[in-house]
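A structural walkthrough
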Amino acid sequence: MQHAALLTFPLRSIAFTTEGIEEFMPSMMNIGNQDLISKMEGFAIQGMKGAVNNHKKCCTNVRAALRKIINQKLVEITKDDSARMHWVNYFCNVVQPYQVVIEGWPTNSPFVNLSEALSTLPDLKLLERKWRCRDSRVSLPYMQSLPS
């Protein structure tokens, strides 16, 4: 019985603050000391795990955006709604049938499936910027773009 009674009491953290902080937090930050401490404890407990999950989610989102951009550009230039990027057999599945090539791929990034090649968020975002700014693009091969 003693344990059951003990569990009904709310947990309260102890905070050592000045009078100024006691007034500042609720009036300016719109949060009480107990709420702030609870949030800090939650972050400390979940901290790195949450940060890793956020990083993975960001990378996944950028990869998805990149795939969408690359496929849209491929459809635009080929005028084929079913055109899709194929990393594994790029030459056989993209270059030969559609007579197009990818240009402007960063030299420091391997030209393979995005999930296999790029794992850092800055590299993925750089590649996304290059595609959005048209530094990387799907284009007709050089020989085909020459006037007849």
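Just so you know, these numbers come straight off a predicted model, no measurement behind them. (Residues numbered from 1 in each chain as written. Predicted model: local features only at pLDDT ≥ 70, side-chain atom pairs only at ≥ 80, totals over all residues. Heavy atoms only, no water.)

Quick look at the overall build of the protein
How we decide: For helices the rule is a DSSP run of H or I covering at least 4 residues; for strands it is a run of E covering at least 2, with both sets numbered from the N terminus onward. For every residue, the accessible area (1.4 Å probe, protein chains only) is compared with the maximum for its type, and the residue is labelled buried under 20%, exposed over 50%, or partly exposed between those bounds. Residue contacts are defined here by distance: any two heavy atoms, one from each residue, within 4.5 Å place the two residues in contact. For the accessible areas, the method is Shrake-Rupley and the probe is 1.4 Å, while residue cover comes only from the protein chains on display.
A tally of regular secondary structure across the protein gives seven helices and two strands. Each helix and strand of the protein, placed in order from N terminus to C terminus, yields the pattern α-α-α-α-β-α-α-β-α. Relative to its 148 residues, the protein shows a buried fraction of 28%. Here the contacts in the protein between residues at least 6 apart in sequence split such that 56% fall between residues at least 24 apart. In the form shown here, the protein has an accessible surface area of approximately 11100 Å², with 59% of it arising from carbon and sulfur atoms.

Remarks on the packing of aromatic side chains
Keep this limit in mind: Put simply, two rings from Phe, Tyr or Trp (the six-membered ring, in Trp's case) pair if the centres are within 6.5 Å, and we call them stacked under 30 degrees between planes, edge-to-face over 60, tilted for the rest.
As enumerated under the stated definition, the model contains four aromatic pairs in all. Aromatic rings pair up to connect Trp87, Tyr90, Trp105 and Phe111 into one cluster.

Comments concerning the side chain of Thr78
Here Thr78 shows up in helix H3 (residues 33-78). The contact partners of Thr78, leaving out residues within four places of it in the chain, are Ala83, Tyr98 and Val100.

What about unusual backbone geometry?
Unusually for a residue other than glycine, Lys79 sits at a positive phi of about 60 degrees. Relative to the helices and strands, Lys79 is located in the loop between H3 and helix H4 (90-98). Even without a glycine there, the phi angle at Gln99 is positive, about 60 degrees. Looking at the element boundaries, Gln99 is found in the loop between H4 and strand S1 (101-103).

Points about the environment of Asn61
Tracing the sequence through the fold places Asn61 in helix H3. Here Asn61 falls in the partly exposed class, since its relative accessible area comes to 46%. With 63 residues separating them along the chain, Asn61 and Leu124 place their C-alpha atoms 9.9 Å apart.

Geometric descriptors of this kind do not, in isolation, establish any biological role.
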